[in-house]
Amino acid sequence: MNQEQLKRMSKGRGFIAALDQSGGSTPKALKNYGIGEEQYSTDEEMFNLVHEMRTRIITSPSFTSDHILAAILFENTMERRIEDRLTADYLWEVKGIIPILKVDKGLAEEEDGVRLMKPIPALDALLTRAKEHHIFGTKMRSVIKKADPAGIKKIVDQQFEIGLKIAAAGLVPILEPEIDIYSPDKAESERIMKEEIKTHLSELPEGTKLMFKLSIPNKHGFYSDIMEDPHVVRVVALSGGYSREEANERLSRSPGLIASFSRALSEGLSAKQTEGEFDRMLAQSIKEIYEASIT
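What you see is a predicted model, and the numbers here were worked out from it, not measured in a lab.

### Quick look at the layout of surface pockets
Then step 1. Taken as a whole, the largest pocket holds about 1,200 Å³ of empty space.
Then step 2. What lines the largest pocket is a set of 44 residues, among which Gln-21, Ser-25, Arg-141, Ser-262 and Arg-263 lie closest to the centre.
Then step 3. At the level of secondary structure, the elements contributing two or more residues to the lining of the largest pocket comprise helix 2 (26-32), strand 7 (137-144), strand 8 (172-179), strand 11 (258-261) and helix 11 (263-266).
Then step 4. A class-by-class count of the residues in the lining of the largest pocket yields 14 nonpolar, 14 polar and 16 charged.
Then step 5. Estimates place the volume of the second largest pocket at around 190 Å³.
Then step 6. Lining of the second largest pocket is provided by 14 residues; of these, Asn-2, Gln-5, His-134, Ile-135 and Phe-136 occupy positions nearest its centre.
Then step 7. It is helix 5 (residues 87-95) that contributes the most residues to the lining of the second largest pocket, 4 residues altogether.
Then step 8. Considered class by class, the residues forming the lining of the second largest pocket number 7 nonpolar, 4 polar and 3 charged.

Right, dumping it as structure tokens:
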């Protein structure tokens, strides 16, 4: 584990840029960017286009460590290069931004009000490659739809089980048990989930480090006690479908919680924009998310 990166992630001011759209979510990300499905015919062409989009974001003059602590990458992006450097190396060596890797393989069908992660085949090999590519940590997402105690326990159990394997490999896992922002009993799901998280944290071996990526809670400061646990490097928030304006407003009312936004970060960016227009739009987005993250 890179101790300089760990210190920056623990104490630094800023937010995490989520650039990890995978195969299933890439067409939507490209569509929002102004590239329709008629403009590519194979997965390779699609991934080339999304890498061009991510490269444009990462190399933008506004995408700097002044406001951004880390960036989450898709596996395909980890294997690619930016200006003749592997993406993770470009982020850290050129930009001073910590590289993180999405490792989950999507969601299983809903059961007991939740969608667990699908199995992650060859996880050990992926973690080995991640370390070879100088990745700091990982991220993996599952989703809570209803306040079902049995389902929520399964979600948290799975996140911690895999998270401990990742931590044992020398990486810092981000556990992401997302709660659907449109759930009618979201607050109750948050209460149940937090108790399950606290139980697991109390049982962790000394020295184990991990992070959480959670939906912005209904109650301000709801995760403050989780943030104070010595095992927890940082608690970050996903935008979860909120617009950037609403996500920032909600985030700013939760002290200590910082952003890890994807759609909210890229909102308003377009392949048709000039470099100047693109950079100005991205700079404004970064400024707004940063300010919401440090309040």
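Now that the structure has been shown, the text picks up again.
### Focus: the side chain of Lys-213
Then step 1. Mapped onto the elements of the fold, Lys-213 is located in strand 9 (residues 210-215).
Then step 2. Here Lys-213 sits buried without a salt bridge, and the closest side chain of opposite charge, Glu-176, lies 4.4 Å off (N-O distance).
Then step 3. A polar contact of 3.0 Å, which involves the side chain of Lys-213, links it to the side chain of Ser-260.
Then step 4. Apart from the residues within four sequence positions on either side, Lys-213 is in contact with Ala-18, Ile-72, Lys-139, Ile-174, Leu-175, Glu-176, Pro-177, Val-236, Leu-238 and Ser-260.

### Let's talk about the environment of Leu-238
Then step 1. Within the fold, Leu-238 resides in strand 10 (residues 232-238).
Then step 2. Here the alpha-carbon distance between Leu-238 and Pro-217, two residues 21 residues apart in the chain, equals 10 Å.
Then step 3. When sequence neighbours within four positions are dropped, the list of residues in contact with Leu-238 reads Glu-176, Glu-178, Lys-213, Leu-214, Ser-215, Ile-216, Ser-260 and Phe-261.

### Regarding the packing of helix 10 (residues 244-251) against helix 12 (residues 275-294)
Then step 1. The contact between helix 10 and helix 12 brings their axes to 8 Å, and the two run at 20°. Compared by their axis directions, helix 10 and helix 12 come out roughly parallel. Where helix 10 crosses over helix 12, the handedness of that crossing is left-handed. Along the contact surface, helix 10 presents Arg-244, Asn-248 and Leu-251, while helix 12 presents Met-281, Ser-285, Glu-288, Ile-289, Ala-292 and Ser-293.
Then step 2. Grouping the amino acids of the contact of helix 10 with helix 12 by side-chain chemistry returns 4 nonpolar, 3 polar and 2 charged.

### Points about unusual backbone geometry
Then step 1. In this structure, Glu-83 takes a positive phi of about 50° despite not being glycine.
Then step 2. Looking at the element boundaries, Glu-83 is found in the loop between strand 3 (81-82) and strand 4 (85-86).

### Points about the side chain of Arg-80
Then step 1. Mapped onto the fold, Arg-80 is located in the loop between helix 4 (75-78) and strand 3.
Then step 2. One polar contact links Arg-80 to Glu-44, side chain to side chain, over a distance of 3.5 Å.
Then step 3. Side-chain polar atoms of Arg-80 contact the side chain of Asn-76, separated by 2.6 Å.
Then step 4. Apart from residues lying up to four places away in sequence, Arg-80 is in contact with Glu-44, Phe-47, Asn-48, His-51, Arg-85, Leu-86 and Thr-87.

### What about empty space enclosed by the protein?
Then step 1. As enumerated under the stated definition, the model contains 1 cavity of 30 Å³ or more in all.
Then step 2. Counted as a void, the largest cavity has a volume near 30 Å³.
Then step 3. Around the largest cavity, the lining residues are Pro-217, Gly-221, Phe-222, Tyr-223, Ser-224, Met-227, Ser-254, Pro-255 and Leu-257.
Then step 4. Of the residues contributing to the lining of the largest cavity, the split by class is 6 nonpolar, 3 polar and no charged.

### Considerations on the environment of Lys-139
Then step 1. Along the polypeptide, Lys-139 turns up in strand 7.
Then step 2. Considered as a pair, Lys-139 and Ile-174 are 35 residues apart in the sequence and their alpha carbons are 4.6 Å apart.
Then step 3. In contact with Lys-139, other than residues within four places in its own chain, are Asp-20, Ile-72, Ile-100, Leu-101, Lys-102, Val-103, Asp-104, Ile-174, Glu-176 and Lys-213.
Then step 4. Polar contacts involving the side chain of Lys-139 include one to the side chain of Asp-20, which spans 2.9 Å.

### Digging into the UniProt feature "active site" (unreviewed entry) in the protein
Then step 1. Feature annotation in UniProt assigns "active site" (unreviewed entry) to the following positions: Glu-176 and Lys-213. Across 38 residues, the annotated set stays spatially compact, with a maximum C-alpha separation of 4.7 Å. When the annotated set is filtered for residues lining the largest pocket, what remains is Glu-176 and Lys-213.
Then step 2. Polar contacts involving the side chain of Glu-176 include one to the side chain of Lys-139, which spans 3.0 Å.

Rules and cut-offs
- Residues numbered from 1 in each chain as written.
- Predicted model: local features only at pLDDT ≥ 70, side-chain atom pairs only at ≥ 80, totals over all residues.
- Heavy atoms only, no water.
- 1 Å grid on protein atoms, 1.4 Å probe; cavity = no way out; pocket = protein on both sides within 12 Å on 5 of 7 lines; lining within 4 Å.
- Points joined across faces, edges and corners; volume = space filled by probe spheres on them.
- Helix = DSSP H or I, 4+ residues; strand = E, 2+ residues; numbered from the N terminus.
- Nonpolar A, V, L, I, M, F, W, Y, C, P; charged D, E, K, R; others polar.
- Buried < 20%, exposed > 50% of the residue type's maximum accessible area, 1.4 Å probe, protein only.
- Lys, Arg positive; Asp, Glu negative; His and termini not counted.
- Salt bridge = Lys/Arg side-chain N within 4 Å of Asp/Glu carboxyl O.
- Polar contact = N/O pair within 3.5 Å; in protein donor to acceptor, adjacent residues only side chain to side chain.
- Contact = heavy atoms within 4.5 Å.
- Axes fitted to C-alpha atoms, helices over the stretch in contact; angles between N-to-C directions.
- Parallel < 35°, antiparallel > 145°, perpendicular 65-115°, else oblique.
- Left-handed = near helix turned anticlockwise from the far one by under 90°.
- UniProt positions renumbered as here; feature names shortened; annotations may be inferred.

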